[in-house]
Amino acid sequence: MTGMGLGATLLPKMPAFGKEVPLDSPWTTIDPAIKKQMADIALNQATSKGATYADVRIGRYLNQYVVTRENKVQNITNTESYGIGIRVIANGSWGFAATDKTDADGIAKATALAVEIAKENARLLKEPVILAPQKGYGEVQWKAPIEKNAFEVPIKEKVDLLLSVNDAAMKGGANYVNSILFLVNEQKYFASTDGSYIDQDIHRIWPTFTITKIDEATGKFETRNALSAPMGMGYEYLNARPTDKIKSVTTLYKQRYDMLEDARNGAAEVQQKMKAKSVEAGKYDLVLDPSHLWLTIHESVGHPTELDRVLGYEANFAGTSFLTLDKWQSKNFNFGSKLVNIMADKTQPGSLGAVGYDDEGVATREWPLIKDGILTNYQTIRDQAHILGLDSSQGCCYADNWSSVQFQRMPNVSLQPGAGNQSANDLIKNVEKGIYIIGDSSYSIDQQRYNFQFSGQLYFEIKEGKIAGMLKDVAYQSNTQEFWNSCAAVAGKEDYRLGGSFFDGKGQPSQSSAVSHGASTARFNGVNVINTARKI
Amino acid sequence: MPILSKEEAQALLKKVLAFSKADECEVNLYGSDGGNIRYARNAVSTSGGISSTTLIVQSSFGKKVGTATINEYDDASLEKAVRRSEELARLAPENPEHMPVLAPQQYAGSKTYVPATAGITPKMRADAVAQSLAVANEKDLVAAGFWDNNAGFAAMMNSKGLFAYNTSTNVSFNVTLRTKDGKGSGYASKGYNDVSKLDVAAATRVAAQKAAASSNARALEPGKYTVILEPAAAIVLLETMFMNMDARSADEGRSFLSKPGGKTKLGEKLVDERVTLYSDPQNPDMPTSPWTGDGRPQEKVTWIDKGVMKNLFYSRYWAQQKNVKAIPFPDSAIMEGGSASLEDLIKGTEKGILVTRLWYIREVDPQTLLYTGLTRDGTFYIENGQIKYPVKNFRFNESPIIMLNNLEELGKPERTVSGESDIQALIPPMKIRDFTFTSLSDAI
C-alpha cells in the first residue's frame, strides 16, 4: 500500500521524517573508517554475547522539503536522523535494537539488548532462522549515479522554481496552488559478521504540485496534480529537455521533468475538468498511461509477489497474497495475457529502488516475476530464500531508518514494453469505446490483492479511435487476474517511463519505502467503470 | 537519554535559552524508549528495542525564522544548535504567516503516563505473545500479531517564559487469526496507556472466534445494506471526517464543509442529531496530552453537537485572520453513544451485515468525502436478530457524512485503534442503513 496519497502530501501539514537541521549546514558524509570502528564494536559485542550472526546499519538520513502555496513559502525544512541499528541471531532467533547514542557505550548497550531480545524470543520459535549463504564483500562503496546533488543547490533556486510554478498556475486561472519539492539522501553503512563493510550514498527527488479550481457559484472544486514522478535522481531531473517529452493530449515526461510547463498545462486542464462530462458507468476499454499504470502495477503485481506476504508474515497488517506457492509451483498460473512480462529489479538507473547492495549486504540484480503471462517468481530476502529453493537472496531487504529493523520490501516492478513500437496514439486509434487515463489518484485494493479500484488525474473519452473530450467522476474496479488477462496491447520501448511511490507503507511498526514502476502505455479491454459523483 | 524529570527538562531548556540572541526563541525536547514484537505463522518473527531523542531550536528575527536540531547535550553542542538556528533565521525569506511565540499558558494535569507500561521488558512482551500463541494452538488456528510499547516525554520552553512538560505511555496490541486452510480470518485490536488493562488472551480469543466463524463465506450481491460497524470498522471512516475539519480549507472553498460564495457549513446541521463528537484530554478512559507541540493547551472541544457542526480546527495564523480562538487539531476522538452492546444491536436487526474491520480506505472525492475500501477479517450476514452465516468481503464506496445521516442506532462506546492511522478513539458500534457496497472481493 502506498502510505500517503498525493493529495494528502501536498497540504502543509507534513509529518517530520526526522529531526530538523540547519538549512545552511553543508552537505557532508561521514568517513567510512569511523563507521567501521563503530560497526566493529557492535559486531564484536554481539558475538561475545552469544550471537551466531550480526549485522549493523549506521544511517544518516537527510531530507529537505520546500513547501509553498501561491506566492508564499510556507516551510523550508532540513531533517537529519543519525543512529545505529543492530540485528543479531542468537539461539536461532532474530533480535534487534537501535539507538542514537552512538558512543562505544551506547553501541555496546544496544547490542546487548538485541542479543537479550533474541534469546528471550527463542522460546517462541518453531524453527531457527535459516539464512541463505552470503559472501562478505570486504570494504566496498556504491554511489547513486546522480549528475547534480540536489542538497548542494541553493535554497533560493528551489524557492524561485516553486514560486514560478505557482505563478504560472495562478496566471493560468487557478484559485490555489500548493507545490512541494522533496529531497532525500540516505547515507547508509552496512557491516556484518559475514565480512561486508558497505558504504552507500542514495539520492531521491520528488517535485510535485496540486492546482485547485473552484466554481464560486456552485461551490464545486476540482484539482489537478503534477504529472512528475519521484525519481532516484539528483537535481538534473528538473532540467527540462525536449527529448524527454511526449506530446499527447497533454505533455508527458520521461527522465527529465518540465515543472513550469506542467503547471501551465495543469491550470488549463483543471478548468476543463470543471466542465467535463460525468462518466456513464459501464464497461470500457482502458488505455492507461504509465503515469497512472505504475500504481496499478504496484498494488496488483508488486505487493502480491512479495514472498513474506505469500507466507503469512504480513497477515496481521498489509495482508497475505492470492499468489500462493502452489500457483507458482504449477508453472502455468495464468496471471495475465501473453503480452504481460513483468520484471523485478534493484538496478534500473534513475529508479527509486536502485542500490548496489540491499540492507542485509546482498548485491542487487534483476529477475522475471511474470513471463508471457505466467507467474515465475517472487521477491525475497535471506531468511526466506530457502523456501523457494534459492541458494541466495534476491536482495530485497530494506529498512527505512537506522531505528527500524530491515525486512522484505518491494524492488522496482516493471511492465516490459511491447515487441512492436506502437505509441499511445496507435493504441487509442484501435479502441471503439474507451477511456484514456493519465496520472494517479485514488487507489485501494484488498488484503490478498484480488479486488481493486483506481482513479486518475485526467480522463479522456475514446470514441471510435478518437479522443472525444474530457470525462470526470471515473473510477475503475477489477480483479487482478481478470485485469491482467484483459491486457490487449502494450506500447513500445520509446514510450517506456517510470512512475513510483515515495511512501510505500508496510510492516509493524509501519515503515515507508520508495519504489519505481516502469511501463509503456497499455490497453485493457472491457474493464468495469463506476461513476463516483455523490451529493451530501 | 533516560526519560527526564520535569525539573531536569526545565533546567536543560533554560540552559539552551540562555544562549539565545534572537528576538524570540523556542525549544522543544522529545525522548522515548520503546519496544515491539511481531509474530506470524505461530512463531516470533521480528522485534526490537528503540531509544531516541530530539532537541529542536527555533529562532526568529521578526518574521524570519530558522530551525536547528541536535541530539548531543554538552554545552558546546547546545550553543552550536542555537547559533545555527539564528544564522539560518537571518538567511531565511520572511514568512508572512509566521506567528510570534506564545506567552505562558495554563495546562491541566496529565494522566497519560503509567509506570507499569514504562516498565515493560522483553520478557513481558515474549510472555504476552506466548499467551496469544497458546490460544491459536488450542483452537488449531494460525496467528499473526503485533505488540508495541512506548514511554516518552515531551518538553518545551520559549523566550516569553512558556514551559510545558508531559510524559506518556502507550501499549498497543493487534492480532489476526486465520484457519489453516485460509478460508477464515478474524481480527482484534486494543490500545491503552495502562498495560494492566490489556488482556492479550481475551483479544486473541475474539479474533479466534471470528476466524472459525468466518470460514466458507457465501457471496451476497453488492448493493445497499444495513450494516453494523464495530468500533474498529467505524473509526476508519469517522477519522476521515475528523481529519478534514480544517477551518482554512473550508474557508478557502476546498473542503466538504465549503459552500458557494466562500461560506462554510459551520453551525449547520450536518448529520443525524444523535451524533455528538468531541475530544477531551482529561477523559479517564483515553487521556491525551494537555498541550500541543506549539504550546497551545488542548482542552475539551465539541466538534459536532447533536448533528450540528460546532467547531473547526485552526492554525494560529488562520485563527488570527478570522479573529477566532485558535483551536488546535485534537489528539483524540470521542463519540457519544447509547447503552446497547454489540449483541443488542445484532438482536435488533432484521436483515443486515456485521462488519469487523474496514481496510485500505482511500479518498475518492474530497468534495463529498467519498471514500472507498473493503471489509476484512469477519463479515457476517444477520437475519432476524441472529448471525446466520459469514459472507464474502465487499468493496464499499461511501461518505462518512452520508453514513452518519443514515444512522439507525448507536451502541456503547469503547476504546479502539484505527487500523489505518493508529489514531486512538472512544466510539460506539454503529448501525447504519443503506451502506453502499459496490463489488465483491475474493480476499479472505
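Since the model is a prediction, treat every value here as computed from it, not as a measurement.

What follows deals with the overall build of chain B. Within chain B one finds 10 helices and 21 strands. Each principal axis of the C-alpha distribution contributes one length, and for chain B these read about 70 × 60 × 35 Å. A total of 444 residues make up chain B; the buried ones form 55% of that total. A separation of at least 24 residues holds for 73% of the contacts in chain B among residues at least 6 apart in sequence.

The next thing to look at is the domain arrangement of chain B. All names here are of chain B. By domain assignment, chain B separates into domain 1 (6-211) and domain 2 (217-444). Listed by contribution, the elements that provide at least two residues to the side of domain 1 that touches domain 2 are β4 (141-158), β5 (163-179) and β6 (185-192). The residue makeup of the side of domain 1 that touches domain 2, split by class, is 8 nonpolar, 16 polar and 4 charged.

When the UniProt feature table is mapped to this numbering, "domain: Metalloprotease TldD/E C-terminal" (unreviewed entry) covers residues 222-438 of chain B. Across residues 222-438 of chain B, the secondary structure splits into 17% helix and 38% strand, with the terminal C-alpha atoms separated by 5 Å.

Further remarks concern the interface of chain B and chain A. In this complex, chain B contributes 85 residues to the contact, which on the side of chain A involves 69 residues. Ranked by residue count, the leading element in the side of chain B that touches chain A is strand β2 (residues 43-61) of chain B, at 13 residues. Pairing geometry for strand β4 (residues 93-99) of chain A and β2 of chain B, over 3 bridges, is parallel. Looking at the pairing, Thr 99 of chain A lines up with Ser 51 of chain B of β2 of chain B.

Residues and elements named next belong to chain A. With 17 residues, helix α4 (residues 155-171) should cover 24 Å at 1.5 Å per step; its first-to-last C-alpha distance of 24 Å lies within 8% of that length. By the burial criterion, the buried members of α4 are Lys 158, Leu 161, Leu 162, Val 165, Asn 166, Ala 168 and Ala 169. Angularly, the buried residues of α4 cover 160° about the axis, an arc narrow enough to put them on a single face. Opposite the packed face of α4, turned more than 90 degrees from it, sit the exposed residues Lys 156, Glu 157, Asp 160 and Lys 171. Next to the buried residues of α4 lie β2 (53-69), β6 (176-192), β7 (196-214) and α5 (259-275). Downstream of α4 by one or two residues, Gly 173 has phi in the positive range, about 105°.

A word on the sheet that holds strand β13 (residues 333-335) of chain B. Residues and elements named next belong to chain B. Sheet architecture is open: 6 strands sit in the order β12-β11-β10-β13-β20-β19, paired in mixed fashion. Each edge of the open sheet carries a strand with a single partner, namely β12 (308-309) and β19 (414-417). Pairing analysis gives 3 bridges linking strand β10 (residues 277-279) to strand β11 (residues 301-305), with the strands arranged antiparallel. Considered in β11, the bridge of Ser 279 is made with Val 301.

A few words on unusual backbone geometry. Note the cis peptide between Gln 508 of chain A and Pro 509 of chain A, where omega equals -5°. Along the polypeptide, Pro 509 of chain A turns up in the loop between β26 (497-506) and β27 (511-519). Even without being a glycine, Asn 216 of chain B presents a positive backbone phi close to 55°. Residue classification places Asn 216 of chain B among the exposed positions, given that 11 C-beta atoms sit within 10 Å. Residues other than glycine seldom take positive phi values, yet Leu 369 of chain B does so here, at roughly 55°. Tracing the backbone through its elements, the reader meets Leu 369 of chain B in the loop between β14 (351-365) and β15 (370-383).

The next subject is the domain arrangement of chain A. Residues and elements named next belong to chain A. In terms of domains, chain A is made up of domain 1 (6-275) and domain 2 (278-531). Taking only C-alpha atoms, the centre of domain 1 and the centre of domain 2 are 22 Å apart. The interface of domain 1 with domain 2 comprises 50 residues on the first partner and 46 residues on the second. Taken together, the elements giving at least two residues each to the side of domain 1 that touches domain 2 come down to β2, β3 (72-90), β4, β6, β7, β8 (221-225) and α5. It is β7 that contributes the most residues to the side of domain 1 that touches domain 2, 6 residues altogether. Class assignment of the residues belonging to the side of domain 1 that touches domain 2 gives a composition of 27 nonpolar, 14 polar and 9 charged.

Right, let's get into helix α6 (residues 231-243) of chain B. Residues and elements named next belong to chain B. Under the 1.5 Å per step criterion, the end-to-end length of α6 is 17 Å for 13 residues, consistent within 8% with the ideal 18 Å. Burial analysis of α6 places 11 of its 13 residues in the buried class, which makes it a mostly covered element. For α6, the complete set of buried residues consists of Pro 231, Ala 232, Ala 233, Ala 234, Ile 235, Val 236, Leu 237, Leu 238, Thr 240, Met 241 and Phe 242.

Right, let's talk about the pairing of strand β17 (residues 394-398) of chain B for a bit. Residue and element names in this part refer to chain B. The element β17 is largely enclosed, with a buried count of 5 among its 5 residues. The alternating pattern of β17 places Phe 394, Phe 396 and Glu 398 and Arg 395 and Asn 397 on opposite faces, both of which are buried. Sheet analysis places β15 next to β17, joined by 4 bridges and oriented antiparallel. Within β17, the position partnered with Gly 373 by the bridge is Phe 396. Bridge count for β17 against strand β21 (residues 430-440) is 3 bridges, and the pairing is antiparallel. Each bridged residue has a counterpart across the sheet, and for Phe 394 the counterpart in β21 is Leu 440.

It is worth spelling out the sheet that holds strand β13 (residues 342-345) of chain A at this point. All names here are of chain A. The sheet built from 4 strands is open, its strands ordered β15-β14-β13-β18 with antiparallel pairing. The sheet is open, and its two edges are formed by β15 (374-375) and β18 (412-415), each paired on a single side. Pairing of strand β14 (residues 366-371) with β15 involves 2 bridges; the strand directions are antiparallel. Within β15, the residue paired with Ile 370 across the bridge is Leu 375.

Nonpolar side chains in soluble globular proteins tend to end up buried together. Formed by 278 residues in total, the largest nonpolar core has its most connected members in Ile 86, Val 88 and Ile 435 of chain A. In terms of residues, this core owes the most to one element, β4 of chain B, which gives 11 residues. Those residues within four positions of Val 88 of chain A in sequence are excluded, and the remaining contacts are Ala 46, Ala 51, Tyr 53, Ala 54, Gly 95, Ala 114, Val 115 and Ala 118 of chain A.

Take the packing of helix α3 (residues 104-121) of chain A against helix α4 (residues 122-138) of chain B next. α4 of chain B packs onto α3 of chain A with a crossing angle of 25° between their chain directions and a minimal axis gap of 9 Å. Classified by the interaxial angle, the pair formed by α3 of chain A and α4 of chain B is roughly parallel. The handedness of the crossing between α3 of chain A and α4 of chain B is right-handed. Of the residues in α4 of chain B, those touching α3 of chain A at Glu 116, Ile 117, Glu 120 and Asn 121 of chain A are Pro 122, Lys 123 and Ala 126 of chain B. Classifying every residue of the contact of α3 of chain A with α4 of chain B gives 3 nonpolar, 1 polar and 3 charged.

With that settled, consider the UniProt feature "domain: Metalloprotease TldD/E central" (unreviewed entry) in chain B. As annotated in UniProt, the feature "domain: Metalloprotease TldD/E central" (unreviewed entry) corresponds to residues 154-213 of chain B in the numbering used here. The span residues 154-213 of chain B is 23% helical and 50% strand by assignment, and the distance between its end C-alpha atoms comes to 45 Å.

It is worth spelling out the packing of helix α2 (residues 32-48) of chain A against α3 of chain A at this point. All names here are of chain A. Packing of α2 against α3 leaves a shortest axis separation of 9 Å and a crossing angle of 35°. Where α2 crosses over α3, the handedness of that crossing is right-handed. Across from Met 38, Ile 41, Ala 42, Gln 45 and Ala 46 in α2, the residues of α3 making contact are Ala 104, Ile 107, Ala 108, Thr 111, Ala 112 and Val 115. Within the contact of α2 with α3, the residues separate by chemical class into 9 nonpolar, 2 polar and no charged.

Definitions and limits used
- Residues numbered from 1 in each chain as written.
- Chains lettered and ligands numbered in written order.
- Predicted model: local features only at pLDDT ≥ 70, side-chain atom pairs only at ≥ 80, totals over all residues.
- Helix = DSSP H or I, 4+ residues; strand = E, 2+ residues; numbered from the N terminus.
- Buried ≥ 20, exposed ≤ 12 C-beta atoms within 10 Å, placed from the backbone.
- Contact = placed C-beta atoms within 7 Å.
- Domains from an automatic or database assignment.
- Nonpolar A, V, L, I, M, F, W, Y, C, P; charged D, E, K, R; others polar.
- UniProt positions renumbered as here; feature names shortened; annotations may be inferred.
- Pairing = 2+ DSSP bridges.
- Expected span 1.5 Å × (residues − 1).
- Arc of directions from axis to C-beta.
- Core = buried A, V, L, I, M, F, W, Y, C linked by C-beta atoms within 7 Å.
- Axes fitted to C-alpha atoms, helices over the stretch in contact; angles between N-to-C directions.
- Parallel < 35°, antiparallel > 145°, perpendicular 65-115°, else oblique.
- Left-handed = near helix turned anticlockwise from the far one by under 90°.

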